[in-house]
Structure formats: structure tokens, C-alpha cells
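# Structural description and commentary
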Amino acid sequence: MRGRLIAFEGGEGSGKSTQAARLAERIGAVLTREPGGTPLGETLRDVVLHHRVDDFDARAETLVMLAARAQHMAEVVGPAQNNNRTVICDRFSHSTLAYQGYGRGLDLADLRRMCSWASRGIWPDLVVFLDVPPELGRARMARPADRLEGAGAEFHARVHAGFVEMAREDPKGWLVIDGTGSVDEVAAQVAEGYDRWAGVRQATPKPPWEL
């Protein structure tokens, strides 16, 4: 049996990292992040987020993200799933669609194919989207902005709109959480939504090839 993959998504300052850690601790899941999660992935994260390259092409940015994901799948996510462990990831392929697709304007169909290739065909079983208006997310940021965080209000508005659209297109696969409350309030919503999703999934008969 393959372990579940749960991705936390949202814009900057949405609280994903905090809530991903809270849920992982609650259910005993493997916690990881993208870009990152491996030594190579963390190096590539530094390249794409902290190197001030004025002419960083959007395609080059995408390929760096996908390289980090491919290594992440090989080293962390894939082995954990093969051991029937649930993995909770702070960002996964839908961030590529939101940031490089909706945000940068790259073709979404191309990005979906590239994401599938990098992740060996694995997409999240559940996406937890913390819906926070971009202006509130920016106000929450207490540290200097990295290269993507500092990309501008219009960019982040497009990213947020992309997440909203993807959630609307796949209501069964996305858990949309109002992320504007306190940490504890949001955590309670996440726990309730996850339990509801897991209960429905458990009650649904599996096809013969998954028994």
C-alpha cells in the first residue's frame, strides 16, 4: 500500500508551515517541505529564493524547482510512501502551477506534464489550502522578503487567484481553510477537515487492485 501525500498550499504569510507541522505531529506523519527536504533540494532552494538574479528566467526558475522535487521524490517522499507512511509536505506541485503558471504566466498544461514527470506521476491525495488575502499575508511577514516573496502585489494576487481557481476545479481533492484566524483556530479547522476527509476515504470501498 502507498502512503498518503498531503500538501499544504497557500500564499506568502498564510501559515502553511506552522499548520503543516501541527497536523504532522497530530497524525504522526513525515513532515517535509518544497523546495527543499534533501541536501540538494535545500541548496536549490537557496538558489531560487535568495540569489538576487535580476534576469532569472521563469523557465529556469521552474526547472530549478522541478529538480528539487525530483530529488525530493527519490530521497524522501517516495520511500516514505512505499513504507506506507503519510507524508505532509509544505508546498508541492500546485505551488509550481500557482507561482510559475498563474504568477509568471507559463503554460499550465506544460507545467502539469513537467510536474508529473518530476514527481513520477504522484500528485497529492489531499491539498490543504490556507486561504489568506495576499495583503494580510504580506502584513504577517516578520522577516525580510526572499526573491519570490518580494515579487510584487500584482504577482501575488495572480498566485492567490490561481490557488482559488484550482481549489474550485477540484473540490473533492482540496480542503479550503479560512486562514485569517489565530493559529489555534486555523489548526482546529484543519484537524476537523482532515478527519472528515480521512473518514470519508476510509469508508469508501477500495477497488480490487488496492486491496
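The rules behind each value
Residues numbered from 1 in each chain as written. Predicted model: local features only at pLDDT ≥ 70, side-chain atom pairs only at ≥ 80, totals over all residues. Heavy atoms only, no water. Helix = DSSP H or I, 4+ residues; strand = E, 2+ residues; numbered from the N terminus. Rg over C-alpha atoms; globule rule 2.2 N^0.38 Å. Areas by Shrake-Rupley, 256 points an atom, 1.4 Å probe, with all protein chains shown as cover. Lys, Arg positive; Asp, Glu negative; His and termini not counted. Charge placed at Lys NZ, Arg CZ, Asp CG, Glu CD. Buried < 20%, exposed > 50% of the residue type's maximum accessible area, 1.4 Å probe, protein only. Pairing = 2+ DSSP bridges. Core = buried A, V, L, I, M, F, W, Y, C linked by side-chain atoms within 4.5 Å. Contact = heavy atoms within 4.5 Å. Salt bridge = Lys/Arg side-chain N within 4 Å of Asp/Glu carboxyl O. Expected span 1.5 Å × (residues − 1). Arc of directions from axis to C-beta. pLDDT = per-residue confidence, 0-100.

Bringing the overall build of the protein into the picture now. Broken down by element type, the protein carries 8 helices and 5 strands. Counting from the amino terminus, helix and strand elements in the protein follow one another as β-α-β-α-α-β-α-α-β-α-α-β-α. A compact globule built from 211 residues should have a C-alpha radius of gyration of about 17 Å, and the protein, at 17 Å, falls within 12% of that. Projected onto its principal axes, the C-alpha positions of the protein cover 50 × 35 × 30 Å. Roughly 10,600 Å² of accessible area belongs to the protein as shown, and the carbon and sulfur atoms make up 53% of that amount. Taking the 26 positively charged and 29 negatively charged side chains of the protein as two groups, their mean positions are separated by 4 Å.

This part covers the pairing of strand β4 (residues 126-131). Counting buried positions along β4 yields 5 of 6 residues, so the element is predominantly enclosed. Of the pairings in the sheet, the one linking strand β1 (residues 5-9) to β4 comprises 4 bridges and is parallel in character. Residue pairing in the sheet places alanine 7 in a bridge with valine 127 of β4. Here β4 runs beside strand β5 (residues 174-178); their pairing, made up of 5 bridges, is parallel.

Looking now at the nonpolar core. Core analysis: the biggest nonpolar cluster contains 23 residues, and Tyr99, Phe163, Met166 and Trp174 have the highest contact counts within it. Apart from residues lying up to four places away in sequence, tyrosine 99 is in contact with Gly10, Gly11, Glu12, Arg91, Arg104, Leu148, Phe155, His156, Val159 and Phe163. In this structure, Ile6, Leu130, Val190 and Tyr194 belong to the second largest nonpolar core, which totals 17 residues.

Note that valine 87 resides in strand β3 (residues 87-90). Taking relative accessible area as the criterion, valine 87 reaches 0% and is therefore assigned buried. A C-alpha to C-alpha distance of 21 Å links valine 87 and alanine 98, two positions 11 residues apart in sequence. Beyond its immediate sequence surroundings of up to four residues, valine 87 is in contact with Arg4, Leu5, Ile6, Val30, Thr32, Val77, Ala80 and Gln81.

Looking now at the pattern of salt bridges. Under the defined criterion, the tally for this structure stands at 10 salt bridges. Here aspartate 125 and arginine 2 are joined by a salt bridge, their closest N and O atoms 3.4 Å apart. Of this pair, aspartate 125 sits in the loop between α5 (108-118) and β4 while arginine 2 is found in the segment before β1, placing the two residues 123 residues apart along the sequence. By relative accessible area, aspartate 125 is classed as buried at 18%. On the basis of relative accessible area, arginine 2 is assigned to the partly exposed category, the value being 41%. With its nearest N and O atoms 2.6 Å apart, the salt bridge here joins arginine 33 to glutamate 42. Residue arginine 33 is classed as partly exposed on the basis of its relative accessible area of 33%. It is possible to trace a salt-bridge network through shared partners that takes in Glu9, Glu12 and Arg91.

We now examine helix α2 (residues 39-50). Spanning 12 residues, α2 covers 16 Å between terminal C-alpha atoms, matching the ideal 16 Å at 1.5 Å per step. Restricting attention to buried positions, one finds in α2 the residues Gly41, Leu44, Arg45, Val48 and Leu49. Along the long axis of α2, the arc covered by the buried residues comes to 120 degrees, so they all point the same way. Close packing links the buried residues of α2 with β2 (30-33) and α3 (58-82).

This next bit is on the confidence of the model for the protein. Summing up the model confidence of the protein, the mean pLDDT is 92 and the portion of residues at 70 or higher is 93%. Scored below 50 in pLDDT, residues 207-211 shows 1 contact in the model against residues more than four places distant or in partner chains.

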